[in-house]
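A structural walkthrough
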Amino acid sequence: MRVMAQMSMVMNLDKCIGCHTCSVTCKQAWTNRTGVEYVWFNNVETRPGLGYPRTYQDQSTWQGGWVRTKRGKLKLRAGGRAKKLATIFSNPKLPSIHEYYEPWTYEYDMLLSSPQGQHTPVAKPKSLLTGEDMKIEWSANWDDDLGGSKETMQDDPILAHMSEHVASEFEQTFMFYLPRICEHCLNPACVASCPSGAMYKRAEDGIVLVDQDQCRGWRMCVTGCPYKKVYFNHKTGKAEKCTLCYPRLEVGLPTVCSETCVGRLRYLGLVLYDADRVTEAAAVEDEHELLESQRSVFLDPHDPAVIAAARAEGIPEDWIQAAQASPIWALIQKYRVALPLHPEYRTMPMVWYIPPLSPVVDVVGSSGNDGEDPRTLFAAISKLRIPLEYLAGLFTAGDTVPVERTLRRLAAMRSYMRDINLGEEPNEAIARAVGMTGTEIEEMYRLLAIAKYEDRYVIPTAHQEIARELEEISCSLDFDGGPGMGGMGGAGPFGSSSGTPTPVAVENFHVLQARQTADSPNGPSTSGRVNLLNWDGNGRPAGLFPPGTPDGPEGPGPDTSDDDNPAVR
């Protein structure tokens, strides 16, 4: 048994309202740069739908993840070393920009500079890639709120095998929101696909990162990732991906997407797992057994033998305590209501989901029955085959039994707690019906419904003795010109520009300077202007004030040295 720690996330889909706040804040923090305009480390998809990039779940096309051979071994679906060597300069299994979308901005200056006339001026859409006029036809969430509609449902890979059961009338369909980030898998196919060894999984906390200095832009990792959460920066010629906001985690702060989530649906915490059993667990023959196989890899942080083994592996004491208090362990193993996204890819993902109960409750309520009565609700869960099958296609490789078991526990929690909130005696029969006790249901309710900040985010800080190992050398993606963006350290052959390596801090404020003066790689149509929508209020960029004023470019101007910037100090 080799004990390792993994930072993980669970999302409660019943609480997601599809506001995209997580996506926007992640975009501002990590991919608000030239070269990654189309990139969303975090995106929120409407289900059913095509996803982002379009139909990414169709692995017969995109060749992501692992497959099990007849010998019981795992191999990359896209092929091994020989295949990669043969296609290293021309990888054919890549989503095009049209599968993502061509990013755009608008010619806002037309609204400001157009002379007075009879007609209202129009801000034309401009491509952020070419600078030319364009027609907007798709985006990262183009099918937002169109779940199950005729416009998109016929191309949803999950619905392809169950289309005969699905009615396309709006009043008979269902939809829910699915936020997605990198899964930071225990058995990552992207890491195994990288020919240059630039992608790696941190031994300290399991976060999967890209060494920007090592990356050579082969893009095999994009193919290998079945979730398509590795992206290509067309400016630097490097691969980029979600970093799980590791600079924040190292100081005990949650990820940006978690911190700003309106529905408070995200949970962060450590789990301990047996690294020696990962490959064996991912290679079980029956796909329906992959869920329990992955659960068996997780170790009980309260077990004295596990604690002793963790100490022997050098895991700090406060990290062990964090694993014991982890909401991730509780939701996955104790209450068993969290499920992995597409376990059939055999990457053993570590971002898990609590499936939504709302579609079931809504249908029961619309029929005139009590939507939280346990007898009615339990019966409805087993009969509403469409959402159950669809959820199983997402979270359990098509096996409806674990999904139904999870939904029954969530339904039991609603019914049990309603009695308590109405001042009635709790019905222990409800808890027994789902294999739980009343105390466990109340504990699960406190975690899912009214958990405090410190209960949702149990994040141990990095230790000084391993600071050198955690110190960022070449993975900064938070500002244009950061490490790995060129220079002598290994500029990629496919990028369109270069930069100078710069150390990364916990919060890097250089990005604000660069963001104030432009919102497009092509520059504003009228020189000397500043887009106030992109200005953060700090500094005095040229063009902000009229020439000749004390604060203008002809005046003394700002002192841009780091000495006067307390944030940098």
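Residues numbered from 1 in each chain as written. Predicted model: local features only at pLDDT ≥ 70, side-chain atom pairs only at ≥ 80, totals over all residues. Heavy atoms only, no water.

**Topic: the pairing of strand S1 (residues 3–12)**
For a regular strand, side chains alternate in direction, first toward one face of the sheet and then toward the other. Burial of S1 is extensive: 10 of the 10 residues sit out of reach of the surface. Here S1 shows a buried face lined by Val3, Ala5, Met7, Met9 and Met11 and a second buried face lined by Met4, Gln6, Ser8, Val10 and Asn12. Here S1 runs beside strand S12 (residues 266–274); their pairing, made up of 9 bridges, is antiparallel. What sits directly across from Ala5, in S12, is Leu272. Pairing of S1 with strand S15 (residues 351–354) involves 4 bridges; the strand directions are parallel. (Buried < 20%, exposed > 50% of the residue type's maximum accessible area, 1.4 Å probe, protein only. Helix = DSSP H or I, 4+ residues; strand = E, 2+ residues; numbered from the N terminus. Pairing = 2+ DSSP bridges.)

**Some thoughts on the packing of helix H18 (residues 400–421) against helix H20 (residues 438–448)**
For the pair H18 and H20, the least separation of the axes is 10 Å and the interaxial angle reads 95 degrees. Between H18 and H20, the angle is such that the two are roughly perpendicular. Contacts from Arg409, Leu410, Ala412, Met413, Tyr416, Met417, Ile420 and Asn421 of H18 reach H20 at Gly438, Ile441, Glu442, Met444, Tyr445 and Leu448. A breakdown of the residues in the contact of H18 with H20 according to their chemical character gives 10 nonpolar, 2 polar and 2 charged. (Axes fitted to C-alpha atoms, helices over the stretch in contact; angles between N-to-C directions. Parallel < 35°, antiparallel > 145°, perpendicular 65-115°, else oblique. Contact = heavy atoms within 4.5 Å. Nonpolar A, V, L, I, M, F, W, Y, C, P; charged D, E, K, R; others polar.)

**Overview of the sheet that holds S1**
Sheet strands pair by backbone hydrogen bonding; their relative direction is either parallel or antiparallel. The 5 strands are arranged S13-S12-S1-S15-S14 in an open sheet whose pairing can be described as mixed. With partners counted over all chains shown, the strands left at the sheet margins are strand S13 (298–299) and strand S14 (339–340), one partner each. By the bridge criterion, 2 bridges tie S14 to S15 in an arrangement that is antiparallel. Residue pairing in the sheet places Leu339 in a bridge with Tyr353 of S15.

**Structural notes on a negative patch on the surface**
Taken together, the side chains of Glu285, Asp286, Glu287 and Glu289 define an acidic patch exposed on the protein surface. Tracing the backbone shows Glu287 in the loop between helix H10 (278–282) and helix H11 (290–297). (Patch = residues over 30% accessible without salt bridge, like charges linked within 9 Å, V, L, I, M, F, W, Y side chains within 5 Å. Areas by Shrake-Rupley, 256 points an atom, 1.4 Å probe, with all protein chains shown as cover. Salt bridge = Lys/Arg side-chain N within 4 Å of Asp/Glu carboxyl O. Lys, Arg positive; Asp, Glu negative; His and termini not counted. Charge placed at Lys NZ, Arg CZ, Asp CG, Glu CD.)

**Remarks on the pairing of strand S11 (residues 238–241)**
Along S11, one buried face is formed by Lys238 and Glu240 and the opposite face, lined by Ala239 and Lys241, is buried too. Sheet topology note: the strand S10 (residues 230–233)/S11 ladder contains 4 bridges and is antiparallel. Looking at S11, one finds that Asn233 is bridged to Lys238. Where S10 folds back onto S11 in an antiparallel hairpin, the turn is made up of 4 residues, including Gly237, whose phi is positive at roughly 75 degrees.

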